[in-house]
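Structural overview
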Amino acid sequence: MWMRTCITYRFSWSLDMLGLLLQIYTLKMIWTAVYAGRDQVDGVPLDGLIAQLTFANLLLWVMYPMLAGYLEERVREGTLALELARPAPFLGQMVAAQIGDTAAGLPLVVVALPLAYLLGGLLPPASPAAGLLFAVSLGLAYAIVVMTGLVIGLVSFWTTEVGGVMTIHAFVSRFFAGALVPLSFFPPWLGTIAGLLPFQAQASIPLALYLGRADGLESVRLLATQLFWVVALLGLARVLWRLALRRVVVYGG
Amino acid sequence: MQTLAITLDLAGAAIRSRMQYRANFLMMVAFGLVYQTTGFVFIWTVLTRFESIAGWTLGDIAFLYGLRLLVHGLTAVLFGGVSRVRWQVREGLFDRYLVRPLPALLQVNTMELPAASFGDLLGGVTLFLAANALVGIDYSPLALGYLGLAIVGGVLIEAALQLVIATLSFRLIETGSLAFFVEELFSNFGNYPMKIFGGAAQAILTWGLPVAFVAYFPATVLLARTDELAVHPAVAYGAPIVGVLWFGAAYLFWRRELRQYKSAGH
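Residues numbered from 1 in each chain as written. Chains lettered and ligands numbered in written order. Predicted model: local features only at pLDDT ≥ 70, side-chain atom pairs only at ≥ 80, totals over all residues. Heavy atoms only, no water.

1. Some details on the overall build of chain A
How we decide: Secondary structure is summarised from DSSP: a helix means a run of H or I of at least four residues, a strand means a run of E of at least two, and numbering begins at the N terminus for each. We compute the radius of gyration over the C-alpha atoms and compare it with the globule rule, which gives 2.2 Å times the number of residues raised to the power 0.38. Here the term buried applies to any residue with accessible area under 20% of the maximum for its type, exposed to any over 50%, and partly exposed to those in between, with areas from a 1.4 Å probe on protein chains only. Contacts are residue-level and defined by heavy atoms, with any inter-residue pair within 4.5 Å sufficient. For accessible areas, the Shrake-Rupley method is used with a probe of radius 1.4 Å. Any residue's cover is judged against the shown protein chains and nothing else. For the purpose of counting charges, residues Lys and Arg are taken to be positive, whereas Asp and Glu are taken to be negative. His and the chain ends are not included. Charged groups are reduced to one reference atom each: NZ for lysine, CZ for arginine, CG for aspartic acid, CD for glutamic acid.
For chain A, the count of helices and strands is eleven helices and two strands. For chain A, the N- to C-terminal ordering of α and β elements is α-α-β-β-α-α-α-α-α-α-α-α-α. Compactness check: chain A gives a C-alpha radius of gyration of 19 Å against a globular reference of 18 Å for 253 residues, within 12% of the reference. Structurally, chain A occupies a C-alpha span of about 65 × 40 × 30 Å along its principal axes. In chain A, which comprises 253 residues, the share counted as buried stands at 53%. Within chain A, residue pairs in contact and separated by at least 24 positions form 79% of the contacts whose partners lie at least 6 positions apart. For chain A, the computed accessible surface area is about 11800 Å², with 71% contributed by carbon and sulfur atoms. Of the side chains in chain A, 14 bear a positive and 12 a negative charge, and the two mean positions are spaced by 7 Å.

Below is the structure:
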């Protein structure tokens, strides 16, 4: 049902997509100017770099965790009480809404992909195996994005407002996911911070596998890192949810 | 004269009402500050690894970026109400402006103090001053005068675009994403040396949408980089005039549509 709600706002969606394509184009032009005619820097070729940034921005756009906003709205408007009474578990309902939202965006990806190829740049997977690893890794990345959105949304039980947090999250996640500057170009201390955050697991890791930048053992380590974040964030969301439920009683009077 | 006095009174009332929630106000300011400066983190990261982008050093780009943010923040503080017109129209709140004697635009902009915009402005001023320390421009009275006029011109351009979109909301139902898109255009292309985007993009962003006039042209004048421009340097020097023209046209459009305004639901 959410899928249908979203499709109704086609005009908003297409402007949103245009915004994404502009960002991709801007990044391509900036990085082309930065490379200034060099084919590669530190073993990173320009076309690989542009493909990575294009893909990363596309991925983060498709996977955008709307559910944080849905949760906030329900807490603020109080409709939460109604949904809690439904037989399906509440957090499950939120995740389902998110999946519907993402599914509604998929047809747009079909439109966005060729345009992103023209304005940015794309490459095929390094090998069939790399493509397969990427598919697995992408599933894990999506789970991490959804869990992150859930955690942010749950914060609204305490703040009743997460608009600001979401806006800052949108930048922070793009930055630390390596969608603006590849993590290998970060200054070492910033790279260390990026390695400790879950955002790298949202785009940088699946794309490293796609572009064949990780060998056998390394790719296992990358997948394990993602798995760790899925479990850790799921645990955090559950703890927050249990604490939040106690507060609901307070608001309900 | 009386119009000015009333406008100032209204603005004062908006400030007082905002200050009733001081903690919230400060939080919004902090948010605006963080949000606006995060974008610069990207450029800073690139330039810690690479020396320059198309010949522009970190200081040069900070100067351009800071000038754009300063203009954007000032626009948001002075004309922030314009971006709320679209929902006021939809909710039927807009009608009250029309039965009062003060020009509607002045009422719109003094209705509520946009707290986050002060953060934008603060971020812009801070970055701009820091950049000035880096590039060390020797300000002559003439250069200082041009800077002042360029800032006014930039504010008028950004305000003109927002006003056009607000005016469109009299007839269209949903203009929020359009407003957001135009803002994206300005911050995507207005904050970086425009020559990296190629000739066609530059032409569109000069003669189609006046993005180049907001900060890029003034920055090339003040940094003595006008020889990299695709247009005659005189165009860059004339940036403030372009602001007046765009705002004048936008205001005429607003006035014309205001006369034909039909309340929501008609």
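So, next bit.
2. Let's talk about the interface of chain B and chain A
Formally: When two parts are put together, the accessible area they lose, computed with a 1.4 Å probe and summed over both, is reported as buried area. The term salt bridge refers to a pairing of a side-chain nitrogen on Lys or Arg with a carboxyl oxygen on Asp or Glu at a separation within 4 Å. We define a polar contact as two N or O atoms separated by no more than 3.5 Å, with the added condition that, inside protein, one atom must be a possible hydrogen donor and the other a possible acceptor, whereas residues neighbouring each other in sequence contribute only through side-chain atom pairs.
Counting residues at the interface gives 28 residues for chain B and 30 residues for chain A. Note on chain B versus chain A: buried area summed over both sides is about 2500 Å², and carbon and sulfur give 79% of it. The tally of links between chain B and chain A comes to one salt bridge. Here A:Asp42 and B:Arg49 are joined by a salt bridge, their closest N and O atoms 2.5 Å apart. The interface formed by chain B and chain A contains four residue pairs in polar contact (both at pLDDT 80 or more).

3. Some remarks on the nonpolar core
The condition that has to hold: As used here, the term nonpolar core means buried Ala, Val, Leu, Ile, Met, Phe, Trp, Tyr and Cys residues forming a set that is joined through side-chain atoms within 4.5 Å.
In terms of nonpolar packing, the biggest core is built from 105 residues, with A:Trp31, A:Phe185, B:Phe42, B:Ile53, B:Phe94, B:Phe197 and B:Trp254 touching the most fellow members. Counting residues per element, this core draws most heavily on helix α8 (residues 141-168) of chain B, at 14 residues. With residues near it in sequence (within four places) discarded, B:Ile53 still touches A:Ile30, A:Ala33, A:Val34, B:Ile43, B:Val46, B:Leu47, B:Ile61, B:Pro193 and B:Ile196.

4. Quick look at a nonpolar patch on the surface
All names here are of chain A. What counts here: Exposure above 30% relative accessible area and no salt bridge define the residues that can form patches, which grow by joining like charges within 9 Å and nonpolar side chains of Val, Leu, Ile, Met, Phe, Trp and Tyr within 5 Å.
On the surface, Val-110, Val-111, Leu-115, Tyr-117, Leu-118 and Leu-119 cluster together into a nonpolar patch covering about 560 Å² of accessible area. Note on placement: Leu-115 falls in helix α6 (residues 90-119). The class for Leu-115 is partly exposed, based on a relative accessible area of 33%.

5. Observations regarding the packing of aromatic side chains
Our working definition: We call Phe, Tyr and Trp rings a pair once their centres come within 6.5 Å, taking the six-membered ring for Trp, and we label the pair stacked below 30 degrees between planes, edge-to-face above 60, and tilted otherwise. Two limits define a charge over a ring: the Lys NZ or Arg CZ must be within 6 Å of the ring centre, and within 35 degrees of the ring normal.
Going through the model one piece at a time under the given rule, you end up with 27 aromatic pairs over all chains. Residues A:Phe171 and A:Phe175 carry aromatic rings whose centres are separated by 5.8 Å and whose planes lie at 15° to one another, so their mutual orientation is stacked. One end of the pair is A:Phe171 and the other is A:Phe175, both in helix α8 (residues 163-176) and four residues apart, which spans about a single turn. With centroids separated by 5.2 Å and ring planes inclined at 80°, the aromatic side chains of A:Phe175 and A:Phe176 adopt a geometry described as edge-to-face. Here the aromatic residues B:Trp56, B:Trp207, B:Phe213, B:Tyr216 and B:Phe217 are joined through ring pairs into a cluster of three or more. Positioned above the aromatic ring of B:Phe50 is the side chain of B:Arg49, whose terminal nitrogen or guanidinium carbon lies 5.0 Å from the ring centre. Just above the ring of B:Trp56 sits the side chain of B:Arg225; from NZ or CZ to the centre is 4.9 Å.

6. Quick word on the environment of A:Leu58
Residue and element names in this part refer to chain A. Among the secondary structure elements, Leu-58 is positioned in helix α3 (residues 46-62). Taking the C-alpha atoms as reference points, Leu-58 and Trp-241, separated by 183 residues in sequence, lie 30 Å from one another. Contacts of Leu-58, omitting those with residues within four sequence positions, involve Leu-20, Ile-24, Ala-112, Leu-113 and Ala-116.

7. Looking at the confidence of the model for chain A
Regions with low pLDDT carry predicted coordinates that are not meant to be interpreted in detail. Selection criterion: For every residue, the predictor states its confidence as a pLDDT score lying anywhere from 0 to 100.
Per-residue confidence for chain A averages 85 on the pLDDT scale, and 92% of its residues sit at or above 70. Here helix α1 (residues 2-8) of chain A stands out as the least confident element of chain A, with mean pLDDT 57; helix α9 (residues 188-196) of chain A is the most confident, with 92.

8. Observations regarding the layout of surface pockets
Residues and elements named next belong to chain A. Quick reminder of the rule: Put plainly, a pocket is an open set of points on a 1 Å grid over the protein atoms alone with protein on both sides within 12 Å along at least five of seven lines, a cavity is a set where a 1.4 Å probe fits but cannot get out, and a lining residue has an atom within 4 Å of a point. Grid points are joined across faces, edges and corners, and a volume is the space filled by probe spheres set on the points. Each residue gets one label: Ala, Val, Leu, Ile, Met, Phe, Trp, Tyr, Cys and Pro are nonpolar, Asp, Glu, Lys and Arg are charged, and the others, such as Gly, are polar.
Put simply, the second largest pocket is a space of about 460 Å³. Around the second largest pocket, the lining is made up of 18 residues, and of these Leu-183, Ser-184, Ser-204, Ala-208 and Leu-222 lie nearest the centre. Elements supplying a minimum of two residues to the lining of the second largest pocket: α10 (204-210) and α11 (216-252). Considering only residue class, the lining of the second largest pocket consists of eight nonpolar, six polar and four charged.

9. Section: the confidence of the model for chain B
Residues at a pLDDT of 70 or more form 96% of chain B, whose mean pLDDT is 85. Among the prediction metrics, the complex's ipTM stands at 0.82, with pTM recorded as 0.84.

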